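Chains, contacts and geometry: an overview
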Amino acid sequence: KVYCTGGGGGGGGKGTGGYDSGSGGAAGGTAIKIYDVSSTSSVVVTCGGGGAAGTGLNDGATGGTSSFPGPGQTITATGGTGGRGGNSYARGTAGGVGAGGTMNLRGGVGGNGTDQNTINIAAGCGGCSFWGGAGLGGGYYSGEVSTAGIHGGGGGSGMFSIASGGGDSSAAGGVGIIVIEEYA
């Protein structure tokens, strides 16, 4: 049985206003399939990279596609879309999609950002992949930094701006993963 998960999208940039934040990156999709590999000696797999974090008003990068070219059918999983940069009521973005599997799953949506003149609001968290691993959104107070996605494509978190031009950086999405279970 093979599990193929795409990379997570990077968190959106923090924006330029005093209370802006980006949305979290979405998670990579997952395809799951059982193969008979009794006549297969080797395959070359691709694990999609995690999307880079956005800066300023820029969106985060989309995660890479993972693939497993099994006998008779290749399965793929696209990466999650990068989070939107702040200053635009940054809505969460769509997760990646599995294809070619017996079961094809969509990655979790990145959390919404904010654009409000209030305090104590956090940035959008990343979306969860099949494996979990969502990055946390940054917060208003110093030290509440965003974290990168992990575990096969959890989306990187958006960033919250403490004040105009301030705040901590957004975080990258998690690298995709391929897990192979062998049955005797």
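Just above sits the structure.
Overview of the structure. (Residues numbered from 1 in each chain as written. Predicted model: local features only at pLDDT ≥ 70, side-chain atom pairs only at ≥ 80, totals over all residues. Heavy atoms only, no water.)

1. Overview of the overall build of the chain
Across its full length, the chain holds 0 helices and 7 strands. When the helices and strands of the chain are placed in sequence order, the string is β-β-β-β-β-β-β. Per-residue burial over the chain gives 49% buried out of 184 residues. In the chain, the proportion of contacts linking residues at least 24 apart, taken out of those at least 6 apart, comes to 63%. When the accessible area of the chain is evaluated, it comes to approximately 7900 Å², of which 54% is carbon and sulfur surface. (Helix = DSSP H or I, 4+ residues; strand = E, 2+ residues; numbered from the N terminus. Buried < 20%, exposed > 50% of the residue type's maximum accessible area, 1.4 Å probe, protein only. Contact = heavy atoms within 4.5 Å. Areas by Shrake-Rupley, 256 points an atom, 1.4 Å probe, with all protein chains shown as cover.)

2. What to know about the layout of surface pockets
Volume-wise, the largest pocket comes out at about 220 Å³. In terms of lining, the largest pocket is formed by Lys1, Val2, Ile34, Tyr35, Val37, Thr40, Val43, Phe68, Ile180, Glu181, Glu182 and Tyr183. By residue class, the composition of the lining of the largest pocket is 8 nonpolar, 1 polar and 3 charged. (1 Å grid on protein atoms, 1.4 Å probe; cavity = no way out; pocket = protein on both sides within 12 Å on 5 of 7 lines; lining within 4 Å. Points joined across faces, edges and corners; volume = space filled by probe spheres on them. Nonpolar A, V, L, I, M, F, W, Y, C, P; charged D, E, K, R; others polar.)

3. Some remarks on the nonpolar core
Core analysis: the biggest nonpolar cluster contains 8 residues, these being Val2, Cys4, Ala31, Tyr35, Phe68, Ile75, Ala77 and Ile178. Where this core is concerned, the elements lending two or more residues are strand E1 (2–5) and strand E4 (73–77). Not counting residues up to four positions away in its chain, the partners in contact with isoleucine 178 are Val2, Tyr3, Cys4, Val45, Thr46, Cys47, Ser67 and Phe68. (Core = buried A, V, L, I, M, F, W, Y, C linked by side-chain atoms within 4.5 Å.)

4. Examining the sheet that holds E4
A sheet is described by the order of its strands in space; here 3 strands give the open sequence E3-E4-E5, paired in antiparallel fashion. Edge positions in the open sheet fall to strand E3 (66–70) and strand E5 (98–99), since each of these has one partner strand only. Relative to E4, E3 is paired through 5 bridges, and the arrangement is antiparallel. From the neighbouring strand, proline 69 faces E4, where its bridge partner is threonine 74. (Pairing = 2+ DSSP bridges.)

5. A short note on the packing of aromatic side chains
Applying the stated criterion to the full structure yields 4 aromatic pairs. Ring geometry for phenylalanine 130 against tryptophan 131: centres 4.9 Å apart, planes inclined by 85°, an arrangement best described as edge-to-face. For tryptophan 131, a relative accessible area of 31% translates into the label partly exposed. Three or more aromatic residues joined by ring pairs form one cluster here, namely Tyr3, Phe130 and Trp131. Its guanidinium or amino end placed over the ring of tyrosine 35, lysine 33 lies 5.9 Å from that ring's centre, counting from NZ or CZ. (Phe/Tyr/Trp six-rings, centres within 6.5 Å; stacked < 30°, edge-to-face > 60°. Lys NZ or Arg CZ within 6 Å of the ring centre and 35° of its normal.)

Read these as geometric descriptors, not functional statements.
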